[in-house]
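# Breakdown of the fold
Below, each chain spelled out in residue letters.
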Amino acid sequence: MIEGELPVEQMARRYGAACLQALGLPAAGLSLVDEHPADRAAACGLTALTGLADGPPLTSIAPLAAAADGVLAALWSLAPDADRSGLTGAGLLTERAADFGHGRRGCISAGGSCRLLAAADGRLALNLARPEDRELLSAWLQAEIVPDDWAAIARQVAAGRRDDWIGRGREMGLAVAADVMPPAAPWVQAEVRRPAVPVPQRLPRVLDLSALWAGPLCGHLLQRCGADVVKLESTARPDGARRGPPAFFDRLNAGKRMAAVDFDSADGRARLKALVAAADIVIEAARPRALRQLGIDASAWVAARPGRTWISLTAHGRQPPADQWIGFGDDAGVAGGLSALLYESTGQSAFVGDAIADPLAGLHAALAAWAGWRQGGGCLLSLSLSGVVRHVLHHELPATMTARRRRHIDWAARQPASPAVPPARPLNGRAAPLGVHTEAVCADWGVAC
């Protein structure tokens with residue numbers, strides 16, 4: 001143990017307690033087995049996803065697995081009757097890689113869409129997660145580029161300045177981030193606070209408007225806590241995770257009721273607004289402008305009826321100009337400082353985990369949502385993927401570079417062997433088809449369909 005450092009085996013417990021305290025709740029009743037953070041990272045397969053493809057696994061000194069265990073324990077402390085079967089916080093960080101068959105690839109993300117690139121004055125992450133992103137490359141680089149020619153992209157980026165690439169990329173709607181370690185940040189911000197009301201005896205109605213990973217994981221955990229969770233999708237643009245391995249989509253969405261409406265039609269938008277109005281908790285992962293274009297104002301929704309909790313998940317926050325920046329799990333992890341810290345402590349540049357900001361944010365969002373409900377609602381709670389990563393990274397981070405390198409040596413020396421492929425948790429059922437429960441949800445929630 002580094003001189004002056006608290007016992008690292010209790011880091012998960014301290015992290016969970018800190019998360020509860022940030023929400024104004026007592027830090028009691030955390031059910032945890034104290035383990036070393038390096039052991040937890042190895043056991044869940046996180047270490048196996050970090051490092052060069054042809055090199056040994058690397059240990060990050062950010063307590064990612066321990067923090068995930070801690071925040072899940074904090075959630076369970078508020079929901080003693082929750083279905084905890086098959087779940088660990090650390091295991092949730094790596095289950096996508098288990099389903100997709102991903103492994104560590106150094107400066108290429110486990111999923112392959114994001115790269116760490118060297119500009120003239122530093123590194124940046126570029127994530128081409130959507131097909132339309134590749135169509136923007138020539139304009140971004142101001143050169144004719146074959147979209148899949150990463151070597152040519154790297155040469156162009158190397159000739160320019162990092163901040164110039166990031167500024168232009170964000171203006172164009174590309175997911176780009178500087179590979180630097182930013183200062184600490186709070187993991188949740190209450191943008192709206194209204195008077196709370198006594199907690200209803202019934203369990204909450206949760207409307208999950210999100211897609212992909214972080215938001216659906218939040219909804220999945222709330223469903224485990226007993227909430228009536230409805231996943232509402234656009235009939236024209238369903239959740240993109242449906243195009244991936246069915247097992248991953250099932251893990252996140254089994255047990256939810258599936259509804260779908262046409263967001264592009266007047267009738268569909270009216271049903272959307274009516275379902276939002278009937279919910280107690282809303283989870284969304286859209287930029288604020290996109291919701292306003294659908295006629296939905298989160299602040300006004302919180303104010304309209306006591307007891308409501310709105311969970312907003314963004315890449316970099318809701319405040320301008322960051323509210324317009326695109327981001328996904330891999331580049332948000334870089335923006336939060338994980339790759340920079342890994343380079344500082346090991347001398348190697350690489351991604352840490354697989355889209356790690358997504359599951360971390362989903363875990364924290366579930367705790368914020370359930371705590372908001374338990375405290376009587378009246379809040380709009382904002383979480384960003386990069387902000388959650390920053391908070392975890394700085395949790396009990398040694399102050400000096402020397403101490404950080406010593407922690408890496410200590411953690412790496414005691415690290416047990418990592419599994420070659422992260423373990424997958426058992427499926428807890430299959431997700432229902434798109435929109436199959438729309439009529440029943442509308443009837444149960446008193447919405448005209």
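Look up: the structure comes first, before these words.
Residues numbered from 1 in each chain as written. Predicted model: local features only at pLDDT ≥ 70, side-chain atom pairs only at ≥ 80, totals over all residues. Heavy atoms only, no water.

## Let's talk about the pattern of salt bridges
Counted by the stated rule, this structure contains 25 salt bridges. Note that arginine 14 is salt-bridged to glutamate 396, the shortest N-O span being 2.5 Å. With arginine 14 in helix H1 (residues 11–22) and glutamate 396 in the loop between helix H18 (385–394) and helix H19 (401–414), the pair connects residues that are 382 residues apart, well separated along the chain. Judged by relative accessible area, arginine 14 falls into the buried class, the value being 19%. (Salt bridge = Lys/Arg side-chain N within 4 Å of Asp/Glu carboxyl O. Helix = DSSP H or I, 4+ residues; strand = E, 2+ residues; numbered from the N terminus. Buried < 20%, exposed > 50% of the residue type's maximum accessible area, 1.4 Å probe, protein only.)

## Let's talk about the nonpolar core
One finds Leu64, Leu222 and Leu367 to be the most contacted residues of the largest nonpolar core, which totals 80 residues. If we skip the residues at most four places from it in the chain, leucine 367 touches Cys19, Leu20, Leu23, Val71, Ala74, Leu75, Leu78 and Trp187. Among the nonpolar cores identified, the runner-up in size contains 25 residues, and Val230, Leu275, Val276 and Trp301 belong to it. (Core = buried A, V, L, I, M, F, W, Y, C linked by side-chain atoms within 4.5 Å. Contact = heavy atoms within 4.5 Å.)

## Some remarks on the environment of phenylalanine 328
Tracing the backbone through its elements, the reader meets phenylalanine 328 in the loop between strand S9 (309–314) and helix H15 (329–335). When the C-alpha atoms of phenylalanine 328 and leucine 30 are compared, they prove to be 31 Å apart, with 298 residues separating the residues in sequence.

## Some details on the pairing of strand S3 (residues 175–178)
Burial of the side chains of S3 extends over both faces: Ala175 and Ala177 are buried on one face and Val176 and Ala178 on the other. One ladder, built from 4 bridges, connects strand S2 (residues 122–127) with S3; its direction is antiparallel. In the strand pairing of S3, alanine 125 is matched with alanine 177. (Pairing = 2+ DSSP bridges.)

## Considerations on the packing of aromatic side chains
Note on aromatic pairs: each is described by the distance of the centres and the angle between the planes. Overall, the coordinates contain 4 aromatic pairs when judged by the stated rule. Measuring from centroid to centroid gives 5.1 Å for tryptophan 301 and tryptophan 310, while their planes differ by 70 degrees, and the two rings are edge-to-face. No difference in accessibility class separates tryptophan 301 from tryptophan 310, as the two residues are buried. An aromatic cluster of three or more residues is present, and its members are Phe100, Trp213 and Phe248. Positioned above the aromatic ring of phenylalanine 100 is the side chain of arginine 96, whose terminal nitrogen or guanidinium carbon lies 5.4 Å from the ring centre. The lysine or arginine in question, arginine 123, covers the ring of tyrosine 343, its NZ or CZ lying 4.2 Å from the ring centre. (Phe/Tyr/Trp six-rings, centres within 6.5 Å; stacked < 30°, edge-to-face > 60°. Lys NZ or Arg CZ within 6 Å of the ring centre and 35° of its normal.)

## A look at the environment of leucine 232
Among the structural elements, leucine 232 can be located in strand S6 (residues 228–234). Sequence-wise, leucine 232 and arginine 202 are 30 residues apart; in three dimensions their C-alpha atoms are separated by 21 Å. Beyond its immediate sequence surroundings of up to four residues, leucine 232 is in contact with Leu207, Asp208, Leu209, Ala259, Ala260, Val261, Phe263, Leu272 and Leu275.

## Regarding the environment of arginine 161
Within the secondary structure layout, arginine 161 lies in the loop between helix H8 (150–158) and helix H9 (162–172). Distance in space between the C-alpha atoms of arginine 161 and alanine 412 is 34 Å, their sequence separation being 251 residues. Apart from residues lying up to four places away in sequence, arginine 161 is in contact with Ala119 and Asp121.

## Considering the state of the cysteines
Counted under the stated rule, the structure contains 0 disulfides. With no disulfide partner, cysteine 218 has as its closest neighbouring cysteine sulfur the one in cysteine 225, 9.5 Å distant. Taking relative accessible area as the criterion, cysteine 218 reaches 0% and is therefore assigned buried. We classify cysteine 225 as buried; its relative accessible area is 8%. (Disulfide = S-S within 2.5 Å.)

## Some words on the sheet that holds S6
Spatial strand order, S4-S10-S9-S8-S5-S6-S7: 7 strands in an open sheet with mixed pairing. Of all strands in the sheet, those bounded by a partner on one side alone are strand S4 (189–193) and strand S7 (257–261). Geometrically, the sheet is characterised by an average inter-axis angle of 20 degrees between neighbouring strands, direction not taken into account. Bridge count between S4 and strand S10 (residues 379–384): 4 bridges; the pairing is antiparallel. Its bridge partner being in S10, alanine 190 is matched across the sheet by leucine 381. Packing of helix H17 (residues 357–374) onto the sheet brings it into contact with strand S8 (281–284), S9 and S10, and relative to S9 it is tilted by some 165 degrees. (Axes fitted to C-alpha atoms, helices over the stretch in contact; angles between N-to-C directions.)

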